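So you can see what is in the structure, the chains are spelled out below.
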Amino acid sequence: MKYNISQCLSIPVLLGITVNTMAQDKNNIRLTDKQSIPRVVAAMTAEEKVSLVTGMGLRIEGLPPGILPPGDPKDANIPEKVPGAAGRTHAIPRLGIPSLTLSDGPAGVRIAPFRNNDTTRPYYATGFPVATLLASSWDTALVTQIGKAMGKEALEYGIDVILGPGMNIQRNPLGGRNFEYFSEDPLLTGHMAAAIVRGVQSMGVGASIKHFAANNQEFNRMQLNTIVSQRALREIYLRGFQLAVKYGQPWTVMSSYNKINGVYTSESPALLKNILRGEWKYKGIVMTDWFGGTDPVKQLNAYNNLLMPGFYAQSQALLAALKDGSLPAQTLDANVAGILQLAIQSPAFKKYKYTDKPDLTGSAAIVRRAAAESMVLLKNDSALPIAPPGKVALFGVTSYKLIAGGTGSGDVNKAYVTDLDKAMLQGGYVLDAGLQTEYARYIAEKTAQQPKPTGLFSTPPPIPEQQPDTDAINRLAKYMDAAIITIGRNAGEGSDRKVEDDFLLREDERTLLKAVSEAFHANNKKVIVVLNIGGVIETASWRSLADAILLAWQPGQEGGSSIADVISGNVNPSGRLAATFPMAYQDVPSAADFPGKELPGGSDNGNPLMGKPSEVRYAEDVYVGYRGYTTRNIATAYPFGYGLSYTTFSYSRPRIASAPGTYPVRISVTVTNTGNRPGREVVQLYVSAPAIAQGRPVRELKAFAKTAILPPGGKETLQLSVNTQDLAWFDEAKMAWVVTPGNYKFELGSNAAAVISSADLKIPKEIIAEKVSVSVK
């Protein structure tokens, strides 16, 4: 039986699922531990089992009726444990099965900030730095600390599972949710995701890595068919998830909205059963993205354990399938057992006494430090750092209204955002009071004029920059020491970005940048540009107007303070790019195929949330991001892995420390701080493999590490490991990961386009690193 959201709108609400919570079981069977799960499953009624694999529906205040499908009427009067959480599972009290509460999201706990219209008692959560900024740290230990802080907040607010991290590949700069994702590279993505999962789950709260898989655009996402080769799927789009499963062991995985090669991911036994559980030995559960897929029977048969947020038509379809045999009883039981395994790990099962009072002050301190350490210095012509009490002219709307994070499910209801102007004043800088007052007036005026949000997902339009007052700018250029211009960008769930006025600067931004640059340079003053953005933008056409460019991404609620820490030199920037900044959009390997195309005659069946039937072809294959630029010798504005420091570093020649023919291959290198400031360096190890007829990227990231803070003259020796699967490529004909014989160059690079030194390793014969048996189609 198939359904879709629009069809569910017309299904009459009759009776809810009958869950006999009053009956007394003769044997008093209850969920107590892992060993009790088979007994509990055997004691459950069919209705109870179906209730456990379907969530309790979704409540969104203010949403017009008819947008979301009706839930079970018996759930309507059950109060929410945590208002504003994304969803809940059903409790079965007679068997000791608790209801689990699931909350967005990737940048912090997303719950309602107020309850019962009482604004005197807030329930704020911390707005953490977005994933792209965290990945720019290249520091898994730091990211684990963020995960711990996030997990502790979830624990204290009564949350059992955080719906994050997001870890789809940033295939294209225009992806609307790129800020939620780590990188264009699967290795960096996988290790960052594993790090944050370890942190969250160390607090006794589950994480959910998402969206599995190939969900790299928002365009018609619920009816989009991603057409991708098996090789690209394995090497690029599944590899990060594989690493996150291996090194993070997440409690849950969230399947994505899209189809892969014609099959919805949530209905794909090849993806969820054969690869995830068979090849990767995953032990947790899989849940759908909210309202994902079209056939609940196929989803359960694919071992997608939990249908979220759950609605009445799904339950009825599953009960009917159980009766007619299209959903075997043992398959339903296996899905139920997985959810019970999740339940016994949860704070709800363990009856944790949450306080609703997390340590927001402690989390804010971690946010400030993590964001500052992760920022990327793209350019610096002796403009930074600027020591207080320097006099700084602050331009740009987002200098005074910082964008802490993106919109949609990746947003967080936070108590405050520290803007750059306030942070600069607190840091001892002198700002122009008149300029600050004028920006405050202008921003308030334009904010009041903005249209009300439309739809379930809505990113507010940007406030245009004021037309520059030439006389005022010339006056400021004479008596201020430097100018800072902040350029802001926001995006979010439900739509992708555009090239014009988004990837490219708007005309009002260009006008402001040009006017400030000319005036300050005429007075021999420096101009610094801060990029407060959620996705990659074009920089090549205007970067000559700036003396320094600091990429702050969307740095979380303490973002202004983090930026000020880098500007002052209190923090030496050690971030490196997790995504390439191209010279022009047409250079992007996926530019011709993004975001996809609608199919003729398609319909959203009267529900705009469904989108229309569409497809996207990943024609660039494995040549995503830097793999495409380096292989095709396309110049970039700032390559993957790039970033400057306030100090300098030197490297010893890399040494292969492992014995010939043994794996993993171990590479040793010593890094020395050759500058005059303390700092940290990111060591990036790329591998250039022998040529094959099918083609391979020129080089691929295979390991990375980050030094401790090295004082001037300080040294640290790092060892990096590369195993056989890291060296392998996926051979579709052999359905295997193959290490081709020949010479391998282990290249230490300051970025993907700049090799510092290398060491060679000859592999004499072919190695089959892993044989697989299934294609995703």
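What counts as what
The written sequence of each chain sets the order in which its residues are numbered from 1. This being a predicted model, a pLDDT of at least 70 is required before a residue's local features are given, and a value of 80 or more before pairs of side-chain atoms are given or counted; all residues contribute to the totals for chains, interfaces and linings. The side-chain numbers reported here are obtained from all heavy atoms of the structure, hydrogens and water having been left aside. Runs of H or I in DSSP of at least four residues are treated as helices and runs of E of at least two as strands, each being numbered from the N terminus. Only when DSSP finds a minimum of two bridges between them are two strands counted as paired. The buried label goes to any residue with under 20% of its type's maximum accessible area, the exposed label to any with over 50%, and the partly exposed label to all in between, with areas taken from a 1.4 Å probe on protein chains only. The contact criterion used is simple: two residues touch if any of their non-hydrogen atoms lie within 4.5 Å. Every case where a carboxyl oxygen of Asp or Glu lies within 4 Å of a side-chain nitrogen of Lys or Arg is listed as a salt bridge.

Comments concerning the environment of Gln 316
Secondary-structure assignment places Gln 316 in helix 11 (residues 312-324). As for Gln 316 and Thr 89, which are separated by 227 residues in sequence, their C-alpha atoms are 17 Å apart.

Brief notes about the sheet that holds strand 3 (residues 161-163)
Strand order in the open sheet formed by six strands is 1-2-3-4-6-9, with mixed pairing between adjacent strands. A single partner strand is all that each edge strand has here, and the edge strands are strand 1 (87-88) and strand 9 (285-287). Pairing between strand 4 (residues 206-212) and strand 6 (residues 252-255): three bridges, direction parallel. Across the sheet, Ile 209 pairs through a bridge with Val 253, a residue of strand 6.

Section: helix 3 (residues 46-53)
Across the eight residues that make up helix 3, a large majority, six, are buried. The set of residues buried in helix 3 consists of Glu 48, Lys 49, Val 50, Ser 51, Leu 52 and Val 53.

A look at the environment of Phe 219
Positionally, Phe 219 belongs in the loop between strand 4 and strand 5 (224-227). As for Phe 219 and Gly 494, which are separated by 275 residues in sequence, their C-alpha atoms are 7.5 Å apart. Apart from the residues lying within four places of it in its own chain, the contact partners of Phe 219 are Leu 224, Asp 496, Pro 595, Gly 596, Lys 597, Glu 598 and Ser 614.

So, the pattern of salt bridges
Taken as a whole, this structure holds 37 salt bridges when the rule is applied. In this structure, Glu 493 and Arg 177 form a salt bridge, with 3.4 Å as the shortest nitrogen-oxygen distance. Of this pair, Glu 493 sits in the loop between strand 13 (482-488) and helix 18 (499-503) while Arg 177 sits in the loop between strand 3 and helix 6 (186-201), and the two are 316 residues apart along the sequence. Taken individually, Glu 493 and Arg 177 each receive the classification buried, so the pair is uniform in this respect. Here Arg 369 makes a salt bridge to Glu 373, at a shortest N to O gap of 3.6 Å.

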